[in-house]
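# Structural overview for review
Chain by chain, the residues run as shown.
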Amino acid sequence: MSQKPPTHPTPFEPESAENAPFSLEENLAGAATAEVDALATLTNEVSNLKAQNTDLAEQYLRAKAEAENTRRRAEEDMSKARKFAVESFAESLLAVTDSLEAGLAIQEATREQLREGTQATLKQLKSALERHKVVQIDPAKGAKFDPHQHQAISMVAAEQEPNTVVSVLQKGYLIAERVLRPALVTVTAPK
């Protein structure tokens, strides 16, 4: 007796219900379960992203507030530095003011006393300026003309080298190595 080989559907034949591995209901239930799992995964991802977004928003607000506080503190520090720098400079000039007032209070001062008092007061003033980094620009005769520190008022013919200082009409001043006022000078004309 010959046995009939089992028949398998070819790729072009539809499976019969008896040969199908799963029923239609089982396939639909499996697909629904997969969709529910995918939906649960996506819902979980959305929840995680919302939590991250909230955390980042809080971090941003904290950083923004910290930056604003730092800026405000820096402005306050700058304001205090300017205020106290002027206060320190003014305090150093009080001794000069006291000396001038004491000199003016003497009714019967001689020329010599006035000269000595004025020289002492000038010395106090120069000392106060130097303490606050205000330095005199007083180029010597024959010094090379420096347009960064000198202002030429006129040019004169002279025996010295061209573009050198002949005379100082008004001393200049530097404050912390920055020109506060250039020295007014006459210079030699080019030959």
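Residues numbered from 1 in each chain as written. Predicted model: local features only at pLDDT ≥ 70, side-chain atom pairs only at ≥ 80, totals over all residues. Heavy atoms only, no water.

### Comments concerning the overall build of the protein
- Summing up its helical and strand segments, the protein has 2 helices and 6 strands in all.
- Among the 191 residues that make up the protein, the fraction classed as buried is 9%.
- Considering only intrachain contacts with a sequence separation of at least 6, the fraction spanning at least 24 residues in the protein is 58%. (Helix = DSSP H or I, 4+ residues; strand = E, 2+ residues; numbered from the N terminus. Buried < 20%, exposed > 50% of the residue type's maximum accessible area, 1.4 Å probe, protein only. Contact = heavy atoms within 4.5 Å.)

### A few points about the layout of surface pockets
- In this structure, the largest pocket encloses a volume near 220 Å³.
- What lines the largest pocket is Ser99, Leu100, Ala102, Gly103, Leu104, Ile106, Ala109, Gln113, Leu114, Gly117, Thr118 and Thr121.
- When residues of the lining of the largest pocket are traced back to their parent elements, those giving at least two are α1 (24–105) and α2 (111–131).
- Split into classes, the residues belonging to the lining of the largest pocket amount to 6 nonpolar, 6 polar and no charged. (1 Å grid on protein atoms, 1.4 Å probe; cavity = no way out; pocket = protein on both sides within 12 Å on 5 of 7 lines; lining within 4 Å. Points joined across faces, edges and corners; volume = space filled by probe spheres on them. Nonpolar A, V, L, I, M, F, W, Y, C, P; charged D, E, K, R; others polar.)

### Some remarks on the sheet that holds strand β4 (residues 172–175)
- Read across the open sheet, the 3 strands follow the order β1-β4-β5; overall the sheet is antiparallel. Two strands lie at the open edges of the sheet, namely β1 (134–137) and β5 (178–181), each paired on one side alone. Neighbouring strand axes in the sheet, compared pairwise and without regard to direction, differ in orientation by 35° on average.
- As paired strands, β1 and β4 are joined by 4 bridges and run antiparallel to one another. When the sheet's bridge partners are listed, Ile137 is paired in β4 with Gly172. (Pairing = 2+ DSSP bridges. Axes fitted to C-alpha atoms, helices over the stretch in contact; angles between N-to-C directions.)

### Digging into the pattern of salt bridges
- This model, assessed by the stated rule, comprises 5 salt bridges.
- Arg73 serves as the salt-bridge partner of Glu66, at 3.4 Å between the closest nitrogen and oxygen.
- Look at Glu66 and you get partly exposed, because its relative accessible area is 43%.
- On the basis of relative accessible area, Arg73 is assigned to the partly exposed category, the value being 40%. (Salt bridge = Lys/Arg side-chain N within 4 Å of Asp/Glu carboxyl O.)

### Focus: the pairing of β5
- As defined by bridge partners, β4 adjoins β5 across 3 bridges and the pair is classed as antiparallel. Looking across to β5, one finds that Tyr173 is bridged to Arg181.
- In this structure, the hairpin formed by β4 and β5 is closed by a connection of 2 residues, where Ala176 is found at a positive phi of approximately 50°.

### Considerations on unusual backbone geometry
- A positive phi angle, near 60°, is found at Lys133, a position not held by glycine.
- Relative to the helices and strands, Lys133 resides in the loop between α2 and β1.
- For Lys133, a relative accessible area of 54% translates into the label exposed.
- The residue Asn163 is not glycine, and still its phi comes out positive at about 60°.
- Mapped onto the elements of the fold, Asn163 is located in the loop between β2 (150–156) and β3 (165–170).
- The class of Asn163 is partly exposed, set by a relative accessible area of 32%.

### Focus on the sheet that holds strand β6 (residues 183–188)
- Strand order in the open sheet formed by 3 strands is β2-β6-β3, and the pairing between neighbours is mixed. Of all strands in the sheet, those bounded by a partner on one side alone are β2 and β3. Strand-to-strand twist across the sheet, computed as the mean angle between neighbouring axes with direction ignored, equals 30°.
- Relative to β6, β2 is paired through 6 bridges, and the arrangement is parallel. Residue Met155 lies in a different strand from β6, and its bridge partner there is Val187.

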